[in-house]
Amino acid sequence: MRYENSITSGVSILTIKEQALDASVAQDLKETLATYAQRAKGAFVVDLSHVEFLDSTALGALVSVLKVLGGASELYLCNLRPQVLSVFSLTRLDRVFKIVPTVGSAIQALSG
Amino acid sequence: MEDTAIRFENSPQDIKRQILNHLRYSLGKTPDEASIGDIYAALAYCMRDRLMDRMLATRARFREARAKRLSYLSLEFLIGPSLGRNMLALGIRQACEEAVKAFGVNLNDVEAQEADPALGNGGLGRLAACFLESLATLNMPGYGYGIHYDYGLFRQEIRNGYQIEKPDQWALTAAPLQMQRLDRAVLVPLYGRIEHFKDRWEGYNPSWMDWQVVIGVPYDIPSCGHGGHTVNYLRLFTAQPSKDFDIKVFNQGDYFAAMEQKIDTEKISKILYPSDSIQSGKELRLTQEYFLVACALRDIVRNHLDSYDDISDFAEKNAIQLNDTHPSLAITELMRILVDEQWMDWEPAWDITKNTFAYTNHTLLPEALETWSAGLLAHLLPRHMQIIEEINRRFLEEAITLYPDDLQRLARLSIFEEGNDKQVRMANLAIVGSHSVNGVSALHTELIKTRLLPDFFDMWPDKFNAKTNGITPRRWLQKANPGLTALLEQHIGLDFLADMEKISAILPLAQDAAFVEDFLKVKRGNKVKILPLLQDKAMIKADPDAIFDIQAKRIHEYKRQLLNILGIMADYLALVEDGEYPASPFVALFAGKAAPGYTTAKKIIKMIHCMADVINNDKRTRGAIRVGFVPDFRVSIAEGLVAAADLSEQISTAGYEASGTGNMKFAANGALTIGTLDGANIEIEEKVGGENLYIFGLDAQQVADMCAQKTYRPREISDQNPELARVMDALKSDRFCPGEPGLLEWAWHYLYNENDPYLHLADFASYCKTRRRARADYADQEGWANKAICNVARMGWFSSDRTIKEYASQIWKIAPVTGLNGE
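Enquirer: Would you mind going over the overall build of chain A with me for this structure?
Expert: Check the secondary structure of chain A and you find four helices and seven strands. In summary, chain A has a C-alpha radius of gyration of 13 Å against a globular reference of 13 Å for 112 residues, a match within 12%. Summarising its shape, the C-alpha atoms of chain A cover approximately 30 × 25 × 25 Å along the three principal directions. Of all 112 residues assigned to chain A, the portion counted as buried reaches 54%. Contacts in chain A between residues at least 24 apart in sequence constitute 70% of all its contacts with a sequence separation of at least 6. Total accessible area on chain A is roughly 4,800 Å²; 50% of this is exposed by carbon and sulfur atoms.

Right under this line is the structure:
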């Protein structure tokens, strides 16, 4: 899975560079996020602006990371395209994950 | 940029030029290379261009008016050929006729190139098509949602008297009829499981996980109203695999896995289930039902949010009609969208849902009420099953306050039928989740209230109402019967096409000798027109001066093709044994398909052919009786038959036919009905007058009593009726299947069974007597024409425009948006 990481205003940002998050990258996604979460001590942003398609296996990977992080997690998802956001609404996971419109708003939330 | 210009001129020269353009740019052909099929396609593209202009203008008009929309959800739309209808609707048939002459072909031959899309089984699907046409004619925002089946209802071929089913590949030539709308594609999840999460506020949050996804790609078929002022659309979805997933698998080199995924997905919209009242219980059928519902609701909600931003006024801006229970998962789907995706509380979401949906019941056969295994439904749609359980829990809480001591009633009302294989009752779900439940004729609605669903009627009497079916006069008069339309035009103009009640203006002409003569000429002309069809397909030479006595409809025991057969056998035996000729020569015609798995119906088809072989090959019947079976009954064949019929057989066991619309099509074209007091026959009798049709047999109450009291004694009936006994003996003695001994013996056993719920022999005597009276009446041609004209004149009420106006004002609360005078 292709991705980039960066730090802005002290906040770790993981930008996924895949167009499609599906079964073929789900395991990789899970491992990358887990590693990154550990490094960022649970507080980080995942930028999904490049992702046009996300299936239920990729969603499962995200959920498993969230479970590992537990209730204290400060994982923010941002820049979700409508198609991707609709997958979160469909599964009601938009009530579980912290989803914000932009990287800026995620940084603000984490900085605040 | 809003662009709603109407671009195309309609002179023959303009149309010819445009045909040339489409031959070149849409089909890549020069006129010299073009086949007649290419000319058809080019002309159909010309028509689509015109319809698209009007469709965009209509959409802009409705948007500007912020009009409430009706969405009609149906697993079936039996639309029939479009080209001819659209040319008439736009008033450009003559111009097209001249335009195609330049290519050395005539328009009728061009029209014959079009596939007849059979995306429905029978009445239910055809009703949906008539309704869409009426909605557009009445300038109402009404849209159809269905499935774009690759294969419509099978093509019926007859070999050695047996039905053979062949695939109907209508989609191969469908391109000029439709517009693919990839931009409106939707994702549909299936299968998976529920994970019981907590949300960020520690509330219970069931999440639908591990689903598989299918893409629903819509195709729009324009639905043009009379005059072309309003063009709505029928949106049909085809199932395609998720492309992203596909590409990945291909890239990994697993071609077969990719193809398997593709095939499984596409199976969903591959084929129409070929049964009109026998439930298959197949997972694929349930998947189809949900696929339609999911695609339609996503599209409807998206349209709403595009226009209004706010979901809370959804029911004020949308009405959704469920055509039978097949799409009733829409109730749970809307609840899921509102509660899960739109974060709405249950109570307001439920109010919106109930105020949006209305349900049409189409059957009185308890065994035809759809149920699904709860296990299967939970496997396919785990989140929906949770929602159904919650709907039921709340519903039973309400019911128990009304009937606290009546546990049996509560068990009947429940959406679930408990048992080893727990079932979900789709009718109960549809009733609980709708604000209106309608039957399709007055009698049918009464029987729903009193016999089929009395518990629900007791609980919510105001929900129940009758909406007697109707037929569009543009298809079933103007298109099917141009001769009669032209005759009517000479005398009363064509206003009746837009307002069919105006056809009553011809009533005084029933006494006008010149009109009567012309009327009879038109009918004879229509009979002559189908002689080649009868010769080529039914293998009979028919005399156009004989009575054309037609029973054209699905083959089903309750429709009683067997009773018709017995009557014809009796007439034949009377002729050859007793020398009694019918009062008028008659041509008995059958048409209709049998569901492939419906053994008795298929045996009935074989029986008709056996009987026809014997009768038609017996020289003594020459000039008196002919029997034929017209194969592959479909809309285009129905048009010819209804225009040519003298006598229309509507002989179902009373209490079984919900409405019927074939009865209306025949009567509107001047055929006299011979029928039982069943379905809409009763209302036809009220409108056309008892002296202008032939009613016979037991009524619904008598049938019910006879069945309940077990007083049906077929043996005793035949013992007291020598004519019937002779027919039964003939069945037993292979008289109608001399080359195949024992072939028809099943019918002998079947008809003598005291448990025959359709009581064939109980109505035999009155049927034969009544039909013979009709044949005697036919001998007086003027008297017959007088009755036939009364039928045509008094059938205006059965226009689907009237039905739609009733639905619109009483159920949907939608209104015409003409764009004229600020309306």
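Enquirer: Is there a simple way to think about the overall build of chain B in this case?
Expert: Scanning chain B from terminus to terminus reveals 33 helices and 23 strands. Expected size for 823 residues packed as a compact globule is a radius of gyration near 28 Å; at 27 Å, chain B falls within 12% of this value. The dimensions of chain B, computed from C-alpha atoms along their principal axes, are 90 × 75 × 60 Å. The 823 residues of chain B split such that 62% are buried.

Enquirer: What is the right way to look at the nonpolar core in this model?
Expert: Nonpolar side chains in soluble globular proteins tend to end up buried together. If you look at the biggest cluster of nonpolar residues, it comprises 319 residues, and the most contacted ones within it are B:L43 and B:W812. If we ignore the near neighbours within four places in the chain, the residues touching B:W812 are B:K68, B:L70, B:Y72, B:L135, B:A319, B:Q321, B:I804 and B:Y807. Ranked by size, the runner-up nonpolar core spans nine residues in total, among them A:V11, A:C78, A:V100 and A:I107.

Enquirer: What's the story with the pattern of salt bridges in this structure? I'm lost.
Expert: Any two side chains of opposite charge can pair, so long as their charged atoms come close to each other. Residue and element names in this part refer to chain B. Under the counting rule described, the total for this entry stands at 62 salt bridges over all chains. Ionic pairing is found between R474 and E133, a salt bridge with its closest N-O pair at 2.8 Å. With R474 in helix α19 (residues 473-479) and E133 in helix α6 (residues 123-137), this residue pair connects regions lying 341 residues apart in the sequence. Relative accessible area serves as the criterion here: at 0%, R474 is assigned to the buried category. Residue R155 pairs with E157 through a salt bridge whose shortest N-O separation is 3.1 Å. Each of R181, D183, R184, D220, R235, D299, R302 and D306 takes part in one network of salt bridges that share partners.

Cut-offs used in this document
Residues numbered from 1 in each chain as written. Chains lettered and ligands numbered in written order. Predicted model: local features only at pLDDT ≥ 70, side-chain atom pairs only at ≥ 80, totals over all residues. Heavy atoms only, no water. Helix = DSSP H or I, 4+ residues; strand = E, 2+ residues; numbered from the N terminus. Rg over C-alpha atoms; globule rule 2.2 N^0.38 Å. Buried < 20%, exposed > 50% of the residue type's maximum accessible area, 1.4 Å probe, protein only. Contact = heavy atoms within 4.5 Å. Areas by Shrake-Rupley, 256 points an atom, 1.4 Å probe, with all protein chains shown as cover. Core = buried A, V, L, I, M, F, W, Y, C linked by side-chain atoms within 4.5 Å. Salt bridge = Lys/Arg side-chain N within 4 Å of Asp/Glu carboxyl O.

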